[in-house]
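Coordinate inspection notes
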Amino acid sequence: MRHIISVLMENEPGALSRVVGLFSQRGYNIESLTVAPTEDSTLSRLTVTTIGDDTVIEQITKQLNKLIDVVKLVDLTEGEHIERELMLIKIKATGAQRAEVKRTCDIFRGQIVDVTPAMYTVQLTGTSDKLDAFIDAIGASAILEVVRSGVSGIARGERVLSV
Amino acid sequence: MELLSGGEMIMRALKEEGVKMIFGYPGGAVLHIYDALYQQDAVEHILVRHEQAAVHAADGFARSTGEVGVSLVTSGPGATNAITGIATAYMDSIPLVVISGNVPSHLMGTDAFQETDMIGCCRPIVKHSFLVRSIEEIPSVMKKAFHIAKSGRPGPVVVDVPKDMTAPTEKRPFEYPETVKMRSYTPALKGHAGQIRKALDLLLEAKRPVIYAGGGVVLGDAAEELTAIAKRLGYPVTNTLMGLGAFPGSDDQFIGMLGMHGFYEANQAMHQADVIFAVGARFDDRVTNNPKKFCPNARIVHIDIDPASIQKTVRHIEVPLVGPVKPVLADMVEMLNQMDVEPDQDALSAWWETINGWREKHGLWTGDRFTRRDKIMPQDVIRTLYEVTNGEAFICSDVGQHQMFAAQYYKYDQPRQWINSGGLGTMGFGLPAAMGVQLAHPDRHVAVVTGEGSIQMCIEELSTCTQYNMPVKIINLNNAALGMVKQWQDMQYGGRYAASTYADSLPDFVKLAQAYGHVGMIVTDPSELKAKMEECFAMKDRVVFMDIYIDPDEHVYPMQIPTGSMKDMILSKTERTK
């Protein structure tokens with residue numbers, strides 16, 4: 001099953017390599033990974049999406065917790081949560097295709113953030129599934145370039161991950 | 001406030017931590033530190049002959065005392081040579097602080113002479129590591145390094161120090177922190193009272209209980225508490241390879257080591273048990289055999305300081321209990337004394353009857369099956385060692401068949417008496433580890449049980465033994481082959497000895513020992529074994545190298561049958577369990 005694990009860790013050099021190293025060393029899978037400092041500059045928040053059965057996910061959370069730089073973590077998929085990913089995508093847009101791309105973009109609530117006579121750059125946010133669906137709708141032949149941020153997530157309601 | 005250079009700060013930090021002795025090897029990147037070392041007298045330095053040995057010696061020191069072992073190595077090859085030692089300590093959870101030099105900060109990342117990314121190299125084999133980025137942070141980094149190394153589940157911590165951080169001209173205010181607080185690191189100090197109660201309830205329901213104790217009991221200084229609860233309950237106790245000495249080996253309640261080369265009675269008892277009390281043990285693959293077939297009827301209580309050890313391989317843990325074993329066991333004994341319930345004595349005596357039956361039939365200590373007149377049997381060497389040292393020596397083992405024989409046939413009554421690389425299985429560990437043990441215990445007998453394969457991996461340390469007068473006794477079980485490799489080749493590869501023999505090219509170990517200024521002895525006749533060994537241990541101030549020619553065809557038994565359950569074992573070259 002797919003899990004989104006959110007980690008608060010010390011904003012120290014080398015901390016990220018410990019997390020990434022742990023995953024490769026123990027053979028855990030990383031679907032996506034994002035990391036950036038939080039409002040408290042001493043802390044970074046890392047979100048990793050991974051796939052594994054209960055045994056694997058239990059070990060991942062325990063092994064992450066063992067890292068000295070990790071302050072706290074939560075498996076967001078254990079409860080109600082919001083997940084978002086940002087995508088920037090360059091799409092061929094000429095002739096009749098130009099209007100079609102614009103329409104698809106509107107349906108997905110994307111924004112066109114850069115334009116040339118031959119292409120659009122579209123910014124889209126949503127769940128990973130939604131971004132996948134947009135890519136499908138556009139079709140591989142029209143896509144020039146894709147960049148995705150990886151998943152960020154936060155729990156719904158009053159539960160917070162903080163120190 | 002006092003002004004010190006980074007090099008001086010490191011030495012002062014060691015003094016503040018109560019370190020009396022460090023093991024190291026100098027080189028360009030650590031010369032400032034060595035100069036600071038030269039100008040103080042709180043910390044003694046032992047110059048080894050290879051950095052791997054510096055870490056193993058610090059490790060032996062730590063294992064035998066419970067204190068943090070310290071090594072100091074230079075950048076580049078010094079640091080990478082230390083890696084095997086660090087990995088060895090990591091796998092066995094040994095508290096170490098390894099200080100490595102690095103090139104000056106402005107050269108880092110430029111492929112400078114003797115530069116290596118030590119933090120990157122050691123990342124998967126350390127509990128934590130620090131790269132010193134400013135002179136000012138040295139006191140707090142050192143304080144944290146020691147705190148992390150020894151608390152919680154212990155482990156090695158690397159402190160990587162660029163050369164410019166230790167320059168004698170750069171002095172900064174020095175104040176050593178008294179306490180350390182890290183929001184991201186708060187190991188458990190006690191067990192959960194509710195879980196302790198549940199554990200006791202389950203233990204008292206047992207009809208066929210086994211206490212399965214591991215290295216955590218030794219590391220956590222909980223042998224006394226373990227013995228107390230085992231005695232109070234009257235349950236059989238088995239120790240893992242790392243746990244030997246956690247419960248007295250010569251006690252009747254001890255049913256031997258368990259696992260791949262464990263005792264028949266221990267493996268059988270585990271498999272048939274209805275309740276298993278796992279204490280500071282991690283259900284290692286060399287213990288469980290196939291985890292899917294592991295002890296199908298057992299309800300399991302598992303105490304461990306490391307939550308990640310619980311349910312890692314064996315999933316059916318009924319009562320997990322996270323905490324340091326010492327206070328948890330102490331709380332259990334206290335709670336037990338207040339409870340009005342006793343174990344089921346009828347069931348227990350029936351259970352003991354069954355176990356004693358197994359013991360009589362296949363027990364390794366029953367009878368005299370390994371005494372032969374024509375050749376020296378390795379088992380007999382260990383039994384003789386046990387007799388000659390009165391069971392009181394520190395036994396530092398290398399890795400291979402001799403290690404298993406030393407685990408099976410020496411009865412360890414004290415924790416920390418048995419020193420071996422259990423997790424990583426590092427050949428070459430024995431001699432340097434024994435140096436650390438001998439320096440920590442100058443008045444005790446320290447024996448290295450080794451083979452002609454393992455001993456050659458760190459044999460250069462015979463020179464260190466000369467320099468610092470460390471009279472270790474080397475018991476070399478010489479079968480002129482890599483015995484454990486050869487055993488597997490016998491059993492699984494049709495006796496094709498690929499790269500496991502070298503009989504014609506072995507050195508004359510007697511002359512080799514003499515070349516280093518030590519005593520060498522050769523033993524080929526079983527009838528001389530005991531007398532020669534007595535002679536060896538009578539030479540209190542000398543290193544003695546006993547080169548003992550053993551039966552080269554002997555295998556280690558029992559041996560669990562791969563992919564089977566605990567109870568599936570090969571018992572000899574001709575017998576196996578059904």
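Here is what the cut-offs are and how they apply
- Residues numbered from 1 in each chain as written.
- Chains lettered and ligands numbered in written order.
- Predicted model: local features only at pLDDT ≥ 70, side-chain atom pairs only at ≥ 80, totals over all residues.
- Helix = DSSP H or I, 4+ residues; strand = E, 2+ residues; numbered from the N terminus.
- Buried ≥ 20, exposed ≤ 12 C-beta atoms within 10 Å, placed from the backbone.
- Rg over C-alpha atoms; globule rule 2.2 N^0.38 Å.
- Contact = placed C-beta atoms within 7 Å.
- Domains from an automatic or database assignment.
- Nonpolar A, V, L, I, M, F, W, Y, C, P; charged D, E, K, R; others polar.
- Pairing = 2+ DSSP bridges.
- Right-handed = clockwise from strand over helix to strand, strands pointing away.
- Axes fitted to C-alpha atoms, helices over the stretch in contact; angles between N-to-C directions.
- Core = buried A, V, L, I, M, F, W, Y, C linked by C-beta atoms within 7 Å.
- Left-handed = near helix turned anticlockwise from the far one by under 90°.
- Parallel < 35°, antiparallel > 145°, perpendicular 65-115°, else oblique.

Quick word on the overall build of chain A
Helix and strand counts for chain A come out as 4 helices and 9 strands. Going from N to C terminus, chain A has its helices and strands arranged as β-α-β-β-α-β-β-α-β-β-α-β-β. Expressed as lengths along the three principal axes of its C-alpha atoms, the size of chain A is roughly 55 × 35 × 30 Å. Here chain A, with 163 residues, has 28% of them falling under the buried criterion.

Comments concerning the overall build of chain B
Of regular secondary structure, chain B possesses 20 helices and 22 strands. What you see for chain B is a C-alpha radius of gyration of 24 Å, in line with the 25 Å of a compact globule of 578 residues. The principal-axis extents of the C-alpha atoms in chain B amount to approximately 75 × 60 × 40 Å. Residues counted as buried form 56% of the 578 residues belonging to chain B. Residue pairs in contact within chain B that sit at least 24 positions apart in sequence constitute 76% of those at least 6 positions apart.

Thoughts on the domain arrangement of chain A
Residues and elements named next belong to chain A. Here chain A is partitioned into domain 1 (2–79) and domain 2 (82–152). A separation of 29 Å is found between the C-alpha centroids of domain 1 and domain 2. Across the boundary between the two partners, domain 1 contributes 6 residues, which contact 5 residues of domain 2. For the side of domain 1 that touches domain 2, the elements supplying multiple residues, two or more each, are β2 (32–37) and β3 (43–51). Considering each element in turn, the side of domain 1 that touches domain 2 owes the most residues, 3 residues, to β2. For the side of domain 1 that touches domain 2, the per-class residue count stands at 2 nonpolar, 4 polar and no charged.

Some thoughts on the pairing of strand β18 (residues 473–478) of chain B
Residue and element names in this part refer to chain B. In terms of burial, β18 is a largely internal element, 6 of the 6 residues being buried. Here β18 shows a buried face lined by Lys473, Ile475 and Leu477 and a second buried face lined by Ile474, Asn476 and Asn478. Sheet analysis places strand β17 (residues 446–451) next to β18, joined by 5 bridges and oriented parallel. Across the sheet, Gly451 pairs through a bridge with Leu477, a residue of β18. Handedness of the β17-helix α17 (residues 462–468)-β18 crossover: right-handed. Relative to strand β20 (residues 544–549), β18 is paired through 6 bridges, and the arrangement is parallel. The residue bridging Asn476 from the neighbouring strand is Asp547, located in β20.

Describing the sheet that holds strand β2 (residues 21–24) of chain B
Residue and element names in this part refer to chain B. Pairing is parallel across the open sheet formed by 6 strands, whose spatial order is β3-β2-β4-β5-β7-β6. Both outer strands of the open sheet, β3 (44–47) and β6 (128–131), are each paired with one neighbouring strand and no more. Averaged over neighbouring strand pairs, the angle between their axes works out to 20° when direction is ignored. Where strand β4 (residues 69–73) meets strand β5 (residues 96–102), 5 bridges bridge the pair, whose relative direction is parallel. Bridge assignment links Leu72 to a residue of β5, and that residue is Ile99. Each of β4, β5 and β7 (156–162) touches helix α4 (residues 77–91); the most contacted strand, β5, lies at about 165° to it.

Quick word on the domain arrangement of chain B
One frequently used descriptor of interface size is the decrease in accessible area upon assembly of the parts. All names here are of chain B. You can read the domains of chain B as domain 1 (3–173), domain 2 (193–362) and domain 3 (378–550). Spacing between the C-alpha centres of domain 2 and domain 3 amounts to 31 Å. Listed by partner, the interface residues are 13 residues for domain 2 and 13 residues for domain 3. Its residues placed into classes, the side of domain 2 that touches domain 3 shows 8 nonpolar, 5 polar and no charged.

Some details on the sheet that holds β3(A)
Residue and element names in this part refer to chain A. Ordered in space as β2-β3-β1-β4, the 4 strands form an open sheet in which the pairing is antiparallel. Each having just a single partner strand, β2 and β4 (70–75) make up the two edges of the open sheet. The sheet shows a mean angle of 15° between the axes of neighbouring strands, direction not considered. Pairing geometry for β2 and β3, over 6 bridges, is antiparallel. When the sheet's bridge partners are listed, Thr34 is paired in β3 with Thr47. Strands in contact with helix α1 (residues 15–25) are β1 (2–10), β2 and β3; relative to β1, the strand with the most contacts, it is inclined by about 150°. The sheet strands contacting helix α2 (residues 54–66) are β1, β3 and β4, and the helix crosses β4 at an angle near 160°.

What about the nonpolar core?
The biggest cluster of nonpolar side chains holds 204 residues, and the ones touching the most others in it are B:Ile86, B:Val97, B:Val159, B:Leu226 and B:Ile276. Discounting residues that sit within four places of it in the chain, B:Ile86 has contacts with B:Val55, B:Val98, B:Cys122, B:Ile125, B:Val126, B:Pro156 and B:Val158. If you look at the next biggest cluster of nonpolar residues, it comprises 11 residues, including A:Ile89, A:Ala93, A:Val122 and A:Leu131.

A closer look at unusual backbone geometry
Residue and element names in this part refer to chain B. A cis amide bond, omega -5°, links Tyr557 with the succeeding residue Pro558. Mapped onto the elements, Pro558 comes out in the loop between β20 and β21 (559–560). With a phi close to 50°, Asp221 is a non-glycine residue in the positive phi region. The residue Asp221 is located in the loop between α8 (215–219) and α9 (223–233) in this model. Residue classification places Asp221 among the partly exposed residues on the basis of 14 C-beta atoms within 10 Å.

Considerations on the interface of chain B and chain A
In this assembly, 14 residues from chain B lie in contact with 17 residues from chain A. Looking at the side of chain B that touches chain A residue by residue, the classes come out as 7 nonpolar, 3 polar and 4 charged.

Here's the deal with the environment of B:Val141
Residues and elements named next belong to chain B. Examined against the element boundaries, Val141 turns out to sit in helix α6 (residues 138–150). Val141 sits in the buried class, given 22 other C-beta atoms within 10 Å. It is 35 Å that separates the C-alpha atoms of Val141 and Asp443, two residues lying 302 residues apart in sequence. Ignoring any residue separated from it by four or fewer positions in sequence, one finds Val141 in contact with Phe130, Val132 and Val159.

Digging into the packing of helix α10 (residues 264–272) of chain B against helix α13 (residues 345–362) of chain B
All names here are of chain B. The contact between α10 and α13 brings their axes to 8 Å, and the two run at 145°. The hand of the α10/α13 crossing is right-handed. In contact with Tyr264, Glu265, Gln268 and Ala269 of α10, α13 contributes Ile355, Trp358, Arg359 and His362. Tallied by class, residues from the contact of α10 with α13 come to 4 nonpolar, 2 polar and 2 charged.

A short note on the packing of helix α14 (residues 378–388) of chain B against helix α15 (residues 401–409) of chain B
Residues and elements named next belong to chain B. Two numbers describe how α14 lies on α15: the axes approach to 9 Å, and their chain directions differ by 50°. The orientation of α14 with respect to α15, classified from their angle, is oblique. By crossing handedness, the relation of α14 to α15 is classed as right-handed. Within the contact between the two elements, α14 uses Pro378, Gln379, Ile382, Arg383 and Tyr386 and α15 uses Gln401, His402, Phe405, Ala406 and Tyr409. Among the residues making up the contact of α14 with α15, the classes are represented as 6 nonpolar, 3 polar and 1 charged.

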